[in-house]
Amino acid sequence: DAKTTQPPSMDCAEGRAANLPCNHSTISGNEYVYWYRQIHSQGPQYIIHGLKNNETNEMASLIITEDRKSSTLILPHATLRDTAVYYCIVPKLGSNYKLTFGKGTLLTVNP
Amino acid sequence: DAGVIQSPRHEVTEMGQEVTLRCKPISGHDYLFWYRQTMMRGLELLIYFNNNVPIDDSGMPEDRFSAKMPNASFSTLKIQPSEPRDSAVYFCASSKQGAKQPQHFGDGTRLSIL
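Since the model is a prediction, treat every value here as computed from it, not as a measurement.

1. Regarding the pattern of salt bridges
Residue and element names in this part refer to chain B.
Piece 1. Applying the stated criterion across every chain, the model contains ten salt bridges over all chains.
Piece 2. A salt bridge links E44 to R36; the nearest nitrogen and oxygen atoms lie 3.5 Å apart.
Piece 3. A relative accessible area of 17% places E44 in the buried class.
Piece 4. Note that R85 and E62 form a salt bridge whose closest N and O atoms lie 3.2 Å from each other. Of this pair, R85 sits in the loop between β8 (74-79) and β9 (88-95) while E62 sits in the loop between β6 (53-56) and β7 (65-71), and the two are 23 residues apart along the sequence.
Piece 5. The class of R85 is exposed, set by a relative accessible area of 55%.
Piece 6. E62 sits in the partly exposed class, given a relative accessible area of 26%.

Shown next as structure tokens:
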């Protein structure tokens, strides 16, 4: 998998936007960027994925830079229930089924 | 819709005993994955199946671990004999056919080997 780099932790105030960065400078042309999160004592949960265009769904938005070397996951209005470890994953082309979870970013949403 | 169902949620047993973890994937999903999560190693993929056939078991730690998928709605991960270092949370996940399909995870089995 392309190596990803994420800050180990971030804080966000409840109701504000949470912007989680991820660097993936070795990404190949057709490799996708996936985001999952893991709330304490639960299994990981899929959030969103993208290739080169910005993506949005009911959970979040994904902004991928034009050179594709970094991306930002945006939770527009963070709630306390969004406190979790967020993982940015770039599976190796042809091995999309093999997800490699790094250490991720622990996002703490404060009241 | 029912998600991925794992059982038991917690298992405590003595070393040397056989341990069997169970997973029911989401109906209609063609892929099933087994992961292990520890503080030291994080979340690791152990093995995955496509249409009940094991595709990649390169993450299985050693011969004490085995996984089966006798039908589309059931899979087991067995450890025999178990050792204290096998203590971890084991997750099962499933996904539809298609490389970009998201994986849906169960809530895991917390295994403690004494």
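2. Description of the interface of chain B and chain A
Piece 1. On the side of chain A, 16 residues touch chain B, which itself brings 21 residues to the contact.
Piece 2. Connecting chain B to chain A are one salt bridge.
Piece 3. Here K98 of chain A makes a salt bridge to D56 of chain B, at a shortest N to O gap of 2.8 Å.
Piece 4. On inspection of chain B and its partner chain A, the count reaches three residue pairs in polar contact (both at pLDDT 80 or more).
Piece 5. Counting residues per element, the ones that place at least two in the side of chain B that touches chain A are β4 (31-38), β5 (42-50) and β9 of chain B.
Piece 6. Looking at the side of chain B that touches chain A, the element that brings in the most residues is β4 of chain B, giving four residues.

3. Quick notes on the sheet that holds strand β1 (residues 5-7) of chain B
For sheets, the rule is that strands pair by backbone hydrogen bonds, running either parallel or antiparallel.
All names here are of chain B.
Piece 1. On the basis of which strands lie adjacent, the open sheet formed by four strands has the order β1-β3-β8-β7 and antiparallel pairing. Because the sheet does not close on itself, it has two edges, and the strands there are β1 and β7. With direction set aside, neighbouring strand axes in the sheet form an average angle of 20°.
Piece 2. As paired elements, strand β3 (residues 19-24) and β8 share five bridges and run antiparallel to each other. Bridge assignment links R22 to a residue of β8, and that residue is T76.

Conventions we followed
- Residues numbered from 1 in each chain as written.
- Chains lettered and ligands numbered in written order.
- Predicted model: local features only at pLDDT ≥ 70, side-chain atom pairs only at ≥ 80, totals over all residues.
- Heavy atoms only, no water.
- Salt bridge = Lys/Arg side-chain N within 4 Å of Asp/Glu carboxyl O.
- Buried < 20%, exposed > 50% of the residue type's maximum accessible area, 1.4 Å probe, protein only.
- Helix = DSSP H or I, 4+ residues; strand = E, 2+ residues; numbered from the N terminus.
- Contact = heavy atoms within 4.5 Å.
- Polar contact = N/O pair within 3.5 Å; in protein donor to acceptor, adjacent residues only side chain to side chain.
- Pairing = 2+ DSSP bridges.
- Axes fitted to C-alpha atoms, helices over the stretch in contact; angles between N-to-C directions.

Treat this as a map of the structure, not an account of what it does.
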